[in-house]
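Residue-level structure breakdown
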Amino acid sequence: MIIQQSYIDRIKNKDEQAFEYVYANTKRAVYSVIFAVTKNHVIAEDVMQEVYMKMLKSIHQYKENTNFFNWILQIAYHHSIDFYRKERKSFNLDVNDYSEILSSHEIGPDEEDKFNRMIDILEEDERLVVTLKVVEEMKHREIAKVLNKPLGTVLWIYQNAMKKLREVGGYDE
């Protein structure tokens, strides 16, 4: 997703329509990143609001001619990790919450069951990389930038996750 610099400039000037455009075009990916960490729909929505508030507050720190989409996903990732570390004892996993991520995709109940099984067996990093790759259709290089990890590490995490999923029969690439 490429957000034009003109929208960012307009957001800097407190243009509400520009913010609505950016929000509409980034919210699904931002939510997916947050939810992959928090594993809770209500918390993900709260953290998502905080991420957009933080984005607005720090919009003047955004470096022109860099990927705004990756920038906001990095904010989402780091903010959700910080939140998770502070609140980890109170998190509860509700697999039904993953339907929020899938709601914008036209999938059947069988595919949703596969996705829910996948979530149960993957570790946090694996879940995040797979969600960004499969649900958000991001490239490994983009995922590496968002997670601030080397490309090789992201590829390794993805391959291990896919191996786990194939072993349980939950996913075929």
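Residues numbered from 1 in each chain as written. Predicted model: local features only at pLDDT ≥ 70, side-chain atom pairs only at ≥ 80, totals over all residues. Heavy atoms only, no water.

On to the overall build of the chain. Secondary structure assignment for the chain yields nine helices and zero strands. Element order for the chain, N to C, with α for helix and β for strand: α-α-α-α-α-α-α-α-α. A burial count over the chain gives 44% of its 173 residues as buried. Restricting the contact set of the chain to residue pairs at least 6 apart, pairs at least 24 apart contribute 64%. Here the chain has roughly 9,800 Å² of accessible surface; of this, 46% comes from carbon and sulfur atoms. (Helix = DSSP H or I, 4+ residues; strand = E, 2+ residues; numbered from the N terminus. Buried < 20%, exposed > 50% of the residue type's maximum accessible area, 1.4 Å probe, protein only. Contact = heavy atoms within 4.5 Å. Areas by Shrake-Rupley, 256 points an atom, 1.4 Å probe, with all protein chains shown as cover.)

Further remarks concern the packing of aromatic side chains. Applying the stated criterion across every chain, the model contains eight aromatic pairs. When the centroid spacing of 6.1 Å and the interplanar angle of 25 degrees are considered together, the rings of F19 and Y23 count as stacked. Residue F19 and its partner Y23 are both found in helix α2 (residues 16-38); the two are separated by four residues, about one turn of the helix. Aromatic side chains F68 and W71 sit 5.4 Å apart centroid to centroid with 40 degrees between the ring planes, which places their arrangement in the tilted category. With a gap of three residues between them, F68 and W71 both fall in helix α4 (residues 68-87), about one helical turn apart. Pair check on accessibility: F68 and W71 agree, each one buried. Here the aromatic cluster, defined as three or more aromatic residues joined through ring pairs, consists of F19, Y23 and Y52. (Phe/Tyr/Trp six-rings, centres within 6.5 Å; stacked < 30°, edge-to-face > 60°.)

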